[in-house]
Amino acid sequence: GFAGFHSGQHRMATLQKPYGVDVQYTPTVKLPLHTPSLEDVSAVLTPALQANFKTAAVEVVDCPDLSAQPFNLAAPGICGNPAIVDIGGVPYLSPTPHLNHIYNLKHVAQEIGNPGAFFIGAGAGSWRLTGVNCELMPNTNIGTSDIKTTYAKIQGSEGVLHHYESNEFSILLNVLASNGAQGKVIKVTATTRTGPKNFVSCMRDALTAHYGDKTVGLGGAFVIENSNAKIHVMPDFAPEPLNTDAQVQQWLQFFDYKAPLTCLSIFVSHDPGLGLRVEHTHCFSAHGQGGHYHHDTTPADVSYTGYFIVAENLFRVDRPTH
């Protein structure tokens, strides 16, 4: 078992290192999450979405086949042992990159006790594989070896999207882990944004307002079916330290990308002092565009359809100590 310590958190063994990587990872912490029913969460999300969109509906449904278009996931569902895994973090990226913080999702799957896990989410690719810093859209089924992961990098002045043939990544990653099974999920639809919040922040803020300091975590996938979206793609590592938010914003490359965009998302209502990334969403497409989702850019036209699951546990892996 785990050596327990405060507030339900458990320390675990140390994550296995990829070949040729010299790093000391911070020990993993496991946090059992507050797990309200899908019906309760739906009731919390509904009024918040209806206040931010002209029309919105939230319902508990049987998960459709998410391996089909337009989702194109590496498993048919997002059910079975759902967990949110937060690996590394922004302090390993800026002010200066910690290049030795390289990981592999196969090792992460073992670390969380689900060796065949299906992962979707948002993070940074392995610079030693791609040659540059890049945006990663992990979409990989360890149990079946089906890798549908993509990455976006800057080439010249444009962002380009490519298939990513590995489970290695670096610096930071936020993922939903599950058995990739079909079961009951929360379906969210929303059209015509009338409020200031993006689709994910709207839902996360609703959870925070309702559940307070109980940590509720959701993960899943959604499609932006109409509307362009503001997306950023990280360029290669900055030659000078990025000491301020303003410097980071100047370094990032922003684009107006077109629908349909398939988005992989995790969000957490409350950080109980684990240095969590409380929301992180990356997207990919069949038309060569992808990266980090900020918000839709033509709110009058936008429509979203998403499927989400309530995570049972959260694992904080290699938390930065600085």
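Predicted, not measured: the structure shown is a model, and the values here were computed from it.

Lay out the packing of aromatic side chains in plain terms, naming residues and giving numbers.
Here the distance between the centres and the angle between the planes together describe a pair of aromatic rings. Across all of its chains, the model carries 14 aromatic pairs by this definition. Relative to Phe222, the ring of Phe199 has its centre 4.9 Å away and its plane inclined at 65°; by these criteria the two rings are edge-to-face. Taken together, the positions of Phe199 in helix H4 (residues 199–211) and Phe222 in strand S15 (residues 217–226) put the pair 23 residues apart, joining distant regions of the chain. With respect to burial, Phe199 and Phe222 carry one shared label: buried. It is Lys230 that lies over the ring of Phe254; its NZ or CZ is 4.8 Å from the centre.

Can you tell me about the pattern of salt bridges, naming the residues and giving the values?
For the structure shown, the criterion picks out seven salt bridges. In this structure, Asp146 engages Lys148 in a salt bridge whose closest nitrogen and oxygen atoms are separated by 3.7 Å. Classification of Lys148 by relative accessible area gives partly exposed; the value is 32%. With its nearest N and O atoms 3.1 Å apart, the salt bridge here joins Lys197 to Asp205. For Lys197, a relative accessible area of 35% puts it in the partly exposed group.

Can you explain the pairing of strand S16 (residues 229–233)? Please cite residues and give values.
Of all five residues in S16, four are buried; the element is thus mostly enclosed. Pairing of S16 with strand S17 (residues 253–257) involves five bridges; the strand directions are antiparallel. Residue Ile231 lies in a different strand from S17, and its bridge partner there is Phe255.

Give me the lowdown on the nonpolar core, citing residues and values where you can.
Counting residues in each nonpolar core, the largest one holds 69 residues, and the members touching the most others are Leu49 and Phe199. Broken down by element, this core gets its largest block of residues, seven residues, from H4. Setting aside chain neighbours within four positions, we find Leu49 in contact with Ala56, Val58, Val188, Phe199, Cys202 and Met203. By size, the runner-up hydrophobic cluster in this structure holds 38 residues, among which are Phe119, Ala124, Cys134 and Phe315.

How each quantity is defined
- Residues numbered from 1 in each chain as written.
- Predicted model: local features only at pLDDT ≥ 70, side-chain atom pairs only at ≥ 80, totals over all residues.
- Heavy atoms only, no water.
- Phe/Tyr/Trp six-rings, centres within 6.5 Å; stacked < 30°, edge-to-face > 60°.
- Helix = DSSP H or I, 4+ residues; strand = E, 2+ residues; numbered from the N terminus.
- Buried < 20%, exposed > 50% of the residue type's maximum accessible area, 1.4 Å probe, protein only.
- Lys NZ or Arg CZ within 6 Å of the ring centre and 35° of its normal.
- Salt bridge = Lys/Arg side-chain N within 4 Å of Asp/Glu carboxyl O.
- Pairing = 2+ DSSP bridges.
- Core = buried A, V, L, I, M, F, W, Y, C linked by side-chain atoms within 4.5 Å.
- Contact = heavy atoms within 4.5 Å.

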